[in-house]
Amino acid sequence: MDKAVVDRIAQFEGQEVLLQGWLAAKRSSGKIHFLQVRDGTGTIQCVLVKANAVEDEFAAADRCPQESSVEVVGVVRKDARSPIGFEVDASRFRVVSAAEPYPISPKDHGTAFLMEHRHLWLRSRRQHAILRVRATIIRAIRDYFDNNGFLLVDTPILTPAACEGTTTLFELDYFGEKAYLTQSGQLYNEATAAAFGKVYCFGPTFRAEKSKTRRHLMEFWMVEPEMAFADLVENMRVAEEFLAYVVGRVLDERRTELAVLERDIKPLEGVQAPFPRIHYRDAVAQLRTHGSDIPDGDDFGGDDETILTKLYDRPIIVHHYPTAVKAFYMKRDPDDPTHCLSMDVLAPEGYGEVIGGGQREESLEVLRAAIAAHKLPEEAFGWYLDLRRFGSVPHAGFGLGVERTVAWICGLPHIRETIPFPRMLEKITP
RNA sequence: UCCGGCUUAGCUCAGUCGGUAGAGCAGGCGGCUGUUAACCGCCGGGUCGGGGGUUCAAAUCCCUCAGCCGGAGCCA
């Protein structure tokens, strides 16, 4: 007898199969049990009729608590009444392990309760949909770079110093020396780009910011491409092509999941390159005509991003941010050093910044001055400055936050559901 | 870190003017051969977040601490 899986149930039509999973829910009419069995790939209704069942097994099914692990033997049958088009006419039923009373019922629960039971919450339909979309986004990210001449060259997670010195780091003891969890692969990417031309790194990053918002995690995944012989314009071109590709892949492969999430896909279908490109100064001017009181030379607040993105039907690229609000390695605009060759991609519908990047400073002298101006210790950047001594070239890159991208594409109100076990401000359990 | 709000049964919540605790769901028992958050009947279930205060009397008013939720700043 074959083992069947729910997401490929059609190929088992008419066959007797073994189904292994968990009892997600059940209903009964006395002599007929309707058992909703979730096997990880999906949920299917197994119909156990008393007249056709082993007596003990029918009684066991009646008593079986929610989320018990079970095995069902039965014949796969097409059924128009089923949401997935198929049911199993069960003949055998076995409880592998009976569950204790399950805390997550089919009814309403509050956020705090669900977060405390995140390890169980992951079993629910909505979480399945989100994490499947996440998996597709990650696969699409890898496919885009792998298929466009980028080499995956991963950067370290344990680092000796701040990449940017602008945000708080998680500090740890490295055999008696201070080390930090990485906040970006950026600086190492510049080294690998000088070795391989076009590279990307992809992994978790850590920021010990005391940020408590719907858009922040302490631990999040970031993909960061870096390109030698590339300028700001090329960087923007790659960013928009890349992002449009990722959204397109989700639309191609995850319609069912987006429907579960009740995501309006119209705005996603509009995510086509090119994206509107707006100089920072023009963005500020637009904001002011729409009620923002943003001062000159300031970075955007969350409200500003929302106001700005709602003026467009697709993601927008804001470029040439003020030099003062960006990291030391950003190349200054040769025509206006108060602004730099940076760019952010802001997602529509109020989701805001999902990509940040820019062209890097390639001049040794300018970079050393920038390190000094940011009051960073030059000795910590010795190897990084070497990159400007041995064949420096114009180069550019960006970073995309995976969880923000998942939240946007899924249409979620909060980033906490976009990763299996979110690390939030002062919350690390489960 | 700052500003709001919340905390009552396993869960989601109600609880009037301060007078000693309620519903739905979940759980248990019984019924039902097509249920889709099934339905019907019965039952068990409470340190009202902790501590302190006011009062004859506090879930209710006051103080304080904690936890959580939302927002700001910072950022992807």
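Here is a short report on the structure shown in this document.

Here is what the cut-offs are and how they apply
Residues numbered from 1 in each chain as written. Chains lettered and ligands numbered in written order. Predicted model: local features only at pLDDT ≥ 70, side-chain atom pairs only at ≥ 80, totals over all residues. Heavy atoms only, no water. Near = heavy atom within 4 Å. Polar contact = N/O pair within 3.5 Å; in protein donor to acceptor, adjacent residues only side chain to side chain. Helix = DSSP H or I, 4+ residues; strand = E, 2+ residues; numbered from the N terminus. Pairing = 2+ DSSP bridges. Phe/Tyr/Trp six-rings, centres within 6.5 Å; stacked < 30°, edge-to-face > 60°. Buried < 20%, exposed > 50% of the residue type's maximum accessible area, 1.4 Å probe, protein only.

1. A closer look at the protein's contact with RNA strand B
As a structural note, the neighbourhood of RNA strand B is formed by 43 residues, with Arg27, Glu87, Ser211, Arg214 and Arg404 the closest of them. The side chain of Glu87 places a nitrogen or oxygen atom 2.3 Å from a base nitrogen of RNA strand B. Elements represented by at least two residues in the surface near RNA strand B include exactly strand S2 (16-28), strand S3 (32-38), strand S4 (43-49), helix H2 (111-116), strand S12 (219-228) and strand S18 (352-359). Here the element with the most residues in the surface near RNA strand B is S18; it accounts for 4 residues.

2. Structural notes on the pairing of S2
Residues in a regular strand point their side chains to alternate faces of the sheet. Sheet analysis places strand S1 (residues 2-3) next to S2, joined by 2 bridges and oriented parallel. Each bridged residue has a counterpart across the sheet, and for Lys3 the counterpart in S2 is Leu18. For S2 and strand S5 (residues 69-78), the ladder comprises 7 bridges, and the chain directions are antiparallel. Bridge pairing links Leu19 to Val72 in S5. Alignment of S2 against S3, held across 6 bridges, turns out to be antiparallel.

3. Examining the packing of aromatic side chains
Following the criterion strictly, the structure yields 18 aromatic pairs and no others. Between Phe328 and Phe381 the ring centres are 5.2 Å apart and the planes differ by 70 degrees, which places this aromatic pair in the edge-to-face class. In this pair, Phe328 sits in the loop between strand S14 (316-319) and strand S15 (332-333) while Phe381 sits in the loop between helix H11 (364-373) and helix H12 (382-389), placing the two residues 53 residues apart along the sequence. Given a relative accessible area of 2%, Phe328 falls into the buried group. Phe381 gets classed as buried once you look at its relative accessible area, which sits at 3%. Three or more aromatic residues joined by ring pairs form one cluster here, namely Tyr144, Phe145, Phe150, Tyr200, Phe242, Tyr245 and Phe398.

4. Observations regarding the pairing of S4
When you tally the buried positions in S4, you get 5 out of 7 residues, the bulk of the element. Here S3 runs beside S4; their pairing, made up of 7 bridges, is antiparallel. Of the residues in S4, the one forming a bridge with Leu35 is Cys46. Between S3 and S4, which pair antiparallel one after the other, the connecting turn spans 4 residues, and Gly40 there sits at a positive phi close to 100 degrees.

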